[in-house]
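Here's the letter readout for the chains.
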Amino acid sequence: QVHLVESGGGLVQAGDSLRLSCTPSGRTFSPYFMGWFRQAPGKEREFVASISWSAGDTYYADSGKGRFSISRDKANLSVDLQMNRLKPEDTAIYYCAFATKPTYYYHDTEGFDNWGQGTQVTVSS
């Protein structure tokens, strides 16, 4: 089990930017995919973005295309999510996740088996 720690959340205004970071601690090993998901009050957890560890291929939900950018740091085994032009509808708890087994579900919670505690992002209008 990989312990993931997110940081970078906060309260911002619409149009602002935030950068979320996720760093593993304790026992670590290279995942197959690293991802970000979010969950708004009363809603299910949804996919935001993911990146493959080896090739660095990136995938985005339609809601974040053109505004969000995911990146990884192989040296630190960390993954960041740069969020620009934030909207009130982006308000949610954002979770970092690792897929430590091969998966076709790199865009779904089903494919990820290690999760962080989450970091709150609030965007005011």
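For the structure, check the block above.
Residues numbered from 1 in each chain as written. Predicted model: local features only at pLDDT ≥ 70, side-chain atom pairs only at ≥ 80, totals over all residues. Heavy atoms only, no water.

(A) Seen up close, the nonpolar core. In terms of nonpolar packing, the biggest core is built from 25 residues, with Trp36, Val79, Leu81, Met83 and Tyr94 touching the most fellow members. Taken together, the elements giving at least two residues each to this core come down to β3 (18-25), β4 (33-39), β5 (46-52), β7 (68-73), β8 (78-83), β9 (92-99) and β11 (119-124). Broken down by element, the residue count for this core peaks at 4 residues, all from β9. Those residues within four positions of Leu81 in sequence are excluded, and the remaining contacts are Leu18, Arg19, Leu20, Trp36, Val48, Ala49, Phe68, Ser69, Ile70 and Tyr94. Listed in part, the 7 residues of the second largest apolar core include Phe33, Ala61, Ala97 and Ala99. (Core = buried A, V, L, I, M, F, W, Y, C linked by side-chain atoms within 4.5 Å. Buried < 20%, exposed > 50% of the residue type's maximum accessible area, 1.4 Å probe, protein only. Helix = DSSP H or I, 4+ residues; strand = E, 2+ residues; numbered from the N terminus. Contact = heavy atoms within 4.5 Å.)

(B) Fine view of the environment of Ser25. Mapped onto the elements, Ser25 comes out in strand β3. Expressed as a C-alpha distance, the spacing of Ser25 and Val48, which sit 23 residues apart in the sequence, is 23 Å. Those residues in contact with Ser25 that sit more than four places away from it in its chain are His3 and Val5.

(C) Molecular detail of unusual backbone geometry. At Leu77, a residue that is not glycine, the phi angle is positive and equals roughly 55°. Its place among the elements puts Leu77 in the loop between β7 and β8.

(D) Representation of the sheet that holds β3 in the model. Read across the sheet, 4 strands follow the order β1-β3-β8-β7 without closing on themselves; strand pairing throughout is antiparallel. Both outer strands of the open sheet, β1 (3-7) and β7, are each paired with one neighbouring strand and no more. Across this sheet, the average inter-strand angle for adjacent strands is 15°, counted without regard to direction. Here β3 runs beside β8; their pairing, made up of 5 bridges, is antiparallel. Paired with Arg19 across the two strands is Gln82, which belongs to β8. (Pairing = 2+ DSSP bridges. Axes fitted to C-alpha atoms, helices over the stretch in contact; angles between N-to-C directions.)

(E) Seen up close, the pattern of salt bridges. On inspection of all chains with the given rule, the structure shows 5 salt bridges. Residues Asp80 and Arg19 are paired through a salt bridge, measuring 3.2 Å at the closest nitrogen-oxygen approach. Taken as a pair, Asp80 in strand β8 and Arg19 in strand β3 lie far apart in primary sequence, 61 residues in all. Residue Arg19 is classed as partly exposed on the basis of its relative accessible area, which comes to 41%. (Salt bridge = Lys/Arg side-chain N within 4 Å of Asp/Glu carboxyl O.)

(F) Main features of the state of the cysteines. Summed over the entire model, instances satisfying the criterion amount to 1 disulfide. Shown here is the disulfide that connects Cys22 with Cys96, its sulfur atoms set 2.0 Å apart. Classification of the bridge connecting Cys22 and Cys96 rests on its S-S torsion, roughly -75°, and on that basis the disulfide is left-handed. One end of the pair, Cys22, is in strand β3; the other, Cys96, is in strand β9, with 74 residues separating them in the sequence. Considered together, Cys22 and Cys96 belong to a single accessibility category, that of buried residues. (Disulfide = S-S within 2.5 Å.)

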